[in-house]
Amino acid sequence: MEINKQDALFEFVLRIADDSLILGHRISEWCGHGPILEEDIALTNIALDFVGQATNFYDYAAKVEGKCRTADDLAFLRFEREYKNVLLVEQPNGHFGDTIARQFFFDVFRKLFFEELAKSTDEELAGIAEKSLLETKYHLRHSSEWMIRLGDGTEESHAKIQESVDTLWRYTGELFFSNEVDALLLNEKIGVDIAALKRPWEKQVREILGEATIEIPAHAWQQAGGRTGVHSEHLGYLLTELQYMQRAYPGMEW
Amino acid sequence: MDMKNINLEDKEREFQAKIDADIRIEPNDWMPDSYRKTLIRQISQHAHSEIVGMLPEGNWVTRAPNLRRKAVLLAKVQDEAGHGLYLYSAVETLGADREDTIDDLHSGKAKYSSIFNYPTLTWADMGTVGWLVDGAAIMNQVPLCRCSYGPYARAMVRVCKEESFHQRQGFEIIAGLANGTPEQKELAQDSLNRWWWPALMMFGPSDENSKHTAQSIKWKIKRETNDELRQKFVDVTVPQAEMIGLVIPDKDLKWNEEKQGYDYGEINWDEFMNVIQGNGPCNKQRVDARRNAKENGMWVREAATAYAEKRQAKKAS
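Predicted model, so just to flag it, every value in this text is computed and none were measured.

Rules of the game
- Residues numbered from 1 in each chain as written.
- Chains lettered and ligands numbered in written order.
- Predicted model: local features only at pLDDT ≥ 70, side-chain atom pairs only at ≥ 80, totals over all residues.
- Heavy atoms only, no water.
- Contact = heavy atoms within 4.5 Å.
- Buried area = accessible area lost by both parts, 1.4 Å probe.
- Salt bridge = Lys/Arg side-chain N within 4 Å of Asp/Glu carboxyl O.
- Polar contact = N/O pair within 3.5 Å; in protein donor to acceptor, adjacent residues only side chain to side chain.
- Helix = DSSP H or I, 4+ residues; strand = E, 2+ residues; numbered from the N terminus.
- Nonpolar A, V, L, I, M, F, W, Y, C, P; charged D, E, K, R; others polar.
- Phe/Tyr/Trp six-rings, centres within 6.5 Å; stacked < 30°, edge-to-face > 60°.
- Buried < 20%, exposed > 50% of the residue type's maximum accessible area, 1.4 Å probe, protein only.

**So, the interface of chain B and chain A**
The partner chain A presents 48 residues to the 44 residues of chain B that form the contact. The junction of chain B with chain A conceals about 4,000 Å² of combined surface from both sides, 70% of it contributed by carbon and sulfur atoms. Here chain B is connected to chain A by three salt bridges. There are eleven residue pairs in polar contact (both at pLDDT 80 or more) connecting chain B and chain A. When contributions to the side of chain B that touches chain A are tallied by element, the ones reaching two or more residues are α3 (54-61), α4 (67-92), α8 (182-201), α12 (283-296) and α13 (298-316) of chain B. Grouping the amino acids of the side of chain B that touches chain A by side-chain chemistry returns 26 nonpolar, nine polar and nine charged.

So, in structure tokens, the structure goes:
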């Protein structure tokens, strides 16, 4: 199927925005329940960064689409199959180790991705990427440090974080999903060569997991579907909560 | 009278003289045990209130109606966690251990603001909590910026700046609803109806029934009495409600020309006492949530400690 540049750009930006929104939402579920007060503050701050990123990318997506939809319309008023986030970010928080492992895998990817996107010939996109990259570096430092602490902490924490890695590993392959949207934008020097991020991602993940004494799972099967709108069962419940006000009180301003 | 008692009396006299001269008491200064205990009780209660206070608002973070509101609410809850952190640090300057004071919260020994035992049922409550609860907190806290104990007073200066932003964003939400659609106005009025009286109770028992007030005023830990602060709050808030067309749920509320303030109806002190004693609608859920956070996070804190020790050992070898 032929896809035009405008549609491709809209789809591309939406994927980034959806990743940020859904992960930000998940992290925000920790609010008030963190394992230590300092982490409550850190997690809330990270959630806030992701909501901010989502807002910037949705604003731009809305502009690219040019159909008078707003950032909020895109965030709150689409149906489940229209969300294009990866499966990884919609996975439930689980315990703190699950949240950290999910975050770590994503942060390593996001840093590499934004470093490339910051070079985009689309200046607006490059600008948002550059701003987001600053935050992402902090997020990555935070999640890497916790990976190491938990992995090389106590026997209990090691077992727990190893299990988190084993469970979430199957969702990491999808981070490198690309299709004709990416090909077209790469050709236009707007997009990112996502497949090329896989090796540096693996290298960095191995480094931290090595220091954390965590083993990389042997099983190779990777789940996918989020980028084409085929999600896990978790997303429906997340959206039910996220969209509650907009669905219950259609068209009102808050 | 033996020498020890004479010395103690001298010290107490000197201490009171410093207070009377508005000289700040600092952590290493001598202070009466009862002053120290009163402060530990008050500041840790205040810290617990900030932390428990994250829960009723955290309850709406995942359901905020748009991106901007979601971000502002997250920022607000994050501020509250930050306030908790400064206040626990202030308690530690008095020689109390943060984790011990937190355990007192979980065992029910330590109290926190009664208001957080009420449920946040609708989005409008995010407006009302900011407008009334943070508004009442500011009334209580502004005088604390002049508290005789230095670390507490300084923490309060920072806290008050952020609280006033919280109060404004709450009022902005509720004013928007009051001027919105009929459903939105109804949400706003219903929310005011539910929060008005609990907000008045935030100032604590009436002066005649407040067992700590007189001593705290003498020590300049407290600068104004519960009833004085409550009156100020009513006088500031009633015109705000009128301005946005909401009705304060008090049939006895009327302007008193002579005192240049509002007269208001009798507070339901039975309800207040019940909530303080643990029988509010959410007491159990709030304390359980905090206790669970601590228990579920135990392995995480243990891991962090174990890792830090390993690193220390590596460095040493």
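**As for the packing of aromatic side chains**
The tally for this structure, following the rule as stated, stands at 26 aromatic pairs over all chains. Their ring planes at 45° and their centres at 6.1 Å tell us that Phe12(A) and Phe113(A) sit as a pair that is tilted. Here Phe12(A), found in helix α1 (residues 5-28), pairs with Phe113(A), found in helix α5 (residues 96-117); they are 101 residues apart in sequence, far enough to count as distant. For Phe12(A), a relative accessible area of 2% puts it in the buried group. Phe113(A) gets classed as buried once you look at its relative accessible area, which sits at 4%. Relative to Phe233(B), the ring of Trp196(B) has its centre 6.0 Å away and its plane inclined at 25°; by these criteria the two rings are stacked.

**Quick look at the pattern of salt bridges**
All names here are of chain A. In total, this model carries 41 salt bridges over all chains according to the counting rule given. Note that Lys198 is salt-bridged to Glu202, the shortest N-O span being 3.6 Å. Taken together, the residues span about one helical turn, with Lys198 and Glu202 both in helix α9 (residues 198-211) at a distance of four residues. Here Lys198 falls in the partly exposed class, since its relative accessible area comes to 34%. Classification of Glu202 by relative accessible area gives partly exposed; the value is 29%.

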